[in-house]
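Architecture at a glance
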Amino acid sequence: MINKQILLAVLAALPLLVQAEHLELDPVEVLGDANQASLTQKATAGGDSAKLTEALGVQLRRAGGVSSLPMLQGLADDRIRIKVDGMDLISSCANHMNPALSYIDPANIAQIKVYAGVTPVSVGGDSIAGSIVVQSEQPEFSKSDALLVKGQLSSFYRSNNDAVGGNISASVANEQVYMRYTGATVDANNSKAGGSFKNAGPAAIDRGHLDADEIGSTAYRSTNHALALGFKQDHHLLELKLGLQDIDKQGFVNQRMDMTGNQSEQYQLRYLGEFDWGQLQSRLYHERTQHKMQFGDDKQFMYGTAPGMPMQTLGKTTGFNTEVELRHNARDTTRWGADVQSYRLDDYWPASGTGMMMAPNTFQNINNGERDRLDVYGEWDATWSQQWFTQAGLRASQVKTSTGTVQGYNPTVVGMAGYGAAANTFNAQDRSETDHNIDMTLLARFSPDQTKTFQAGYAIKNRAPNLYERYTWANTNTMVMNMNNWYGDGNGYVGDINLKPETAHTFSLTADLHDAGKQQWQLNITPFYTYVQDYIDAVSCASLGKVCAARPDGFSNLSLDNQSAQLYGLDISAKNTLINNSELGRLSALAKLNYVRGKNKTSNDDLFQIMPLNAVFGLEQSLGAWENKLEIKVVDKKDHVQAIRKENKTAGYSIFNVYSSYHWQQAKLELSVENLFDKSYSDPLGGAYLGQGATMGAGVFAGTQVPGLGRSINIGFTMYH
């Protein structure tokens, strides 16, 4: 059994990796913290910023080329709070094609912090899994009369999908004024699997040819621009940031539609002040996204008289957050803050063709959707002694949601293919909901000496339903239900106005052992347990008294309901320096193990898309300007799958990756080979393969899992000034 092999390998490696007697943790439970220097292979990430979080223990659910969805301790997507330069961004798409991390290019990221499970209330809120905080470069001012000028130019190539990209950044500053520009672009073809996973042939009736190992609907093209302007006076900073994004194509291998346009604008004004008593930071931001979906190059375009199925979304987010940190004395620090967010969503599908099914009206999926959130919080850090630290926090939240009346393409169509009756039923309901939530975190850390730290935490976290979970309404038409799917499982969904917020109770323990200088070895062990009350999961339509259309393709039409769930697991990481001399440089061994088990306690079904037991073993070497890494990733078979969603099982696999980089004074070369032996395997988090064919109809059948990527030889080159 592969799972036993993984466990035995890790246990056998621990004495070699760690000769342990010591440990220390940060004041809060941070799963990972990456800065500019440690963002490994950043230049060759292919434009997907979420990929940078993998080194910090984050799992990724498959989506588009720049739109992977992070997962923490078995929970993903909207269950994680993701802050991009302090902005809470919301995915404005029925398929969640534009998640928060897709709005910043890897080239513009300077720091990533990942908080899992027991999350401080100051970085949490409206989430139950944890938080990911991403920051771009902080303003850097000149320390003399001379101008401070910096620049960077980078380019990369990935052989698997012929991805070509580049980025440029430049900054100039004197002692009071700072300006920085960053631009990035990437263009990629379809990816290739490690071997044949389907039959070769036409992608669709009116499309081209795909080889048996070509993963349909994985091509993408993206461009991002960012401008920052800062003003400094003594200990006060005022910063204006602007961001522009243009994605004119992004295929989605596990969705029935593709992204054919995503134009986004982001505006932010931030104030930061340092005082004798502490710090004050406030931020005002606005984001506007115009999103378009249609069938891409590998999916059938014509259906009778209908030229595809155009879908458009307009999302607007306006937010304000402020926090004051008070340093009362050597022991006590408190933080007090507020978050205000206003979100507006219009999701509408213009008529297509002359038939009755998609004409003559515009289909209103969500009409004038509103989601307004107001949070206030307080947090107290206390350093009682050199050995003891505690943190206590409380956040109160109010979330209001509502939406307008809706209509289908043609209200005169009757029966299971019609829209009129479903729209009338939805419009007759009270569509306004107000949720009042409480988040709480209690954490204690004990460090008996320089080399040992033990941490225990308990948290209550809440998340109110998103607009798609509550307000998608058409349950009588399979075509429409297919379009409302942010899970990548191929099924169709209808929402439920009466959904309650999710409430998670999380318990976490951490033992962190290392040498006194944190240079030679480290062992970190974190078991966790989460119970989620009112967990939002898939259920049969009949269980809620809804009548949904039957379907012959092996997929299901489902609704959503509050149930209960539990997740428990274990994270282990270890690192030890094996050699440190002038001839061979520094050679270190590392190991990571992750295990999560998720269960729906109401239905006794497994939870959806839980990563099976997996481990990473590696050797890292640095010698002068060279840095090298060899790793093997081992993943167990996946046989705990969710029956209600007809989730696919996957076999276990192992893949090898090699990374290398060379630094000059003003340049860096990055080389890597991922999946060195071109292993063919199914991605446990890939979802259902919908990358080609007549995805609107019943000609694409369930049962094929999205494959993992085959071998890719990657090269990146960066010049600095």
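Every value quoted in this text rests on a predicted model; they were computed, and no experiment measured them.

**Details of the environment of Asn485**
Mapped onto the elements of the fold, Asn485 is located in the loop between helix H4 (478-483) and strand E28 (492-493). In contact with Asn485, other than residues within four places in its own chain, are Ala94, Asn95, Gln255, Gly490, Asn491 and Tyr493. One polar contact links the side chain of Asn485 to the main-chain amide nitrogen of Gly488, over a distance of 2.8 Å. A distance of 2.6 Å separates a polar atom in the side chain of Asn485 from a polar atom in the side chain of Asp489.

**Some remarks on the state of the cysteines**
Taken as a whole and assessed by the stated rule, the structure comprises one disulfide. Paired through a disulfide, Cys541 and Cys548 show a sulfur-sulfur distance of 2.1 Å. Linking Cys541 and Cys548, the disulfide has an S-S dihedral of approximately -85° and is accordingly described as left-handed. Of the residues examined, Cys548 reaches a relative accessible area of 17% and is grouped as buried.

**Considerations on the pairing of strand E9 (residues 148-158)**
Pairing between E9 and strand E10 (residues 163-173): 11 bridges, direction antiparallel. Across the sheet, residue Tyr157 finds its bridge partner in E10, namely Val164. In this structure, E9 lies alongside strand E37 (residues 712-720), joined through seven bridges in antiparallel fashion. Bridge assignment links Gln152 to a residue of E37, and that residue is Tyr720.

**What about the confidence of the model for the protein chain?**
Per-residue confidence for the protein chain gives a mean pLDDT of 93, with 94% of residues at or over 70. Contacts of residues 6-31 to residues separated by more than four positions or lying in other chains number 95 contacts, the stretch itself having pLDDT below 50. Note on residues 34-38: pLDDT is under 50 here. Beyond four places in sequence and across chains, it has 11 contacts.

**Some remarks on the nonpolar core**
In this structure, Met257, Met309, Trp349, Phe363, Tyr409, Trp473 and Met479 are the most contacted members of the largest nonpolar core, which totals 52 residues. Every residue in contact with Phe363, bar those within four places of it in the chain, is listed here: Asp347, Tyr348, Trp349, Gln407, Gly408, Tyr409, Tyr419, Trp473, Ala474 and Val480.

**Some words on the packing of aromatic side chains**
The final tally for this structure, using the stated rule, is 23 aromatic pairs. When the ring of Phe363 is compared with that of Tyr419, the centres are 5.6 Å apart and the planes differ by 75°; the resulting orientation is edge-to-face. Here Tyr419 lies in the loop between strand E25 (388-402) and helix H2 (420-427) and Phe363 lies in strand E24 (residues 363-383), a separation of 56 residues in the sequence. An aromatic cluster is defined as three or more aromatic residues linked by ring pairs; in this entry it consists of Trp349, Phe363, Tyr409, Tyr419 and Trp473. Between Arg645 and the ring centre of Tyr487, over which it is positioned, the NZ or CZ distance is 4.2 Å.

**Remarks on the pairing of E24**
Pairing analysis gives 17 bridges linking strand E23 (residues 332-349) to E24, with the strands arranged antiparallel. Residue pairing across strands places Tyr348 opposite Gln364, the latter belonging to E24. Sheet topology places E24 next to E25; 14 bridges connect them, and they run antiparallel. Its bridge partner lying in E25, Glu379 is registered against Gly393. In textbook terms, the turn of a hairpin is the stretch between consecutive antiparallel strands, and for E24 and E25 this stretch comprises four residues.

**Some details on the sheet that holds strand E3 (residues 69-72)**
On the basis of which strands lie adjacent, the open sheet formed by three strands has the order E2-E3-E4 and antiparallel pairing. The two strands at the open ends of the sheet, each matched to only one other strand, are strand E2 (59-61) and strand E4 (75-76). Two strands pair when backbone bridges link them, and E3 and E4 are joined in this way by two bridges, in the antiparallel orientation. By the bridge assignment, Met71 is partnered in E4 with Ala76.

**Observations regarding the side chain of Thr334**
For Thr334, the position within the fold is in strand E23. Within the structure, the side chain of Thr334 is placed 3.0 Å from the side chain of Trp336, a separation counted as a polar contact. Residues in contact with Thr334, not counting those within four places in the same chain, are Val324, Glu325, Leu326, His328, Glu379 and Trp380.

Analysis parameters
Residues numbered from 1 in each chain as written. Predicted model: local features only at pLDDT ≥ 70, side-chain atom pairs only at ≥ 80, totals over all residues. Heavy atoms only, no water. Helix = DSSP H or I, 4+ residues; strand = E, 2+ residues; numbered from the N terminus. Contact = heavy atoms within 4.5 Å. Polar contact = N/O pair within 3.5 Å; in protein donor to acceptor, adjacent residues only side chain to side chain. Disulfide = S-S within 2.5 Å. Buried < 20%, exposed > 50% of the residue type's maximum accessible area, 1.4 Å probe, protein only. Pairing = 2+ DSSP bridges. pLDDT = per-residue confidence, 0-100. Core = buried A, V, L, I, M, F, W, Y, C linked by side-chain atoms within 4.5 Å. Phe/Tyr/Trp six-rings, centres within 6.5 Å; stacked < 30°, edge-to-face > 60°. Lys NZ or Arg CZ within 6 Å of the ring centre and 35° of its normal.

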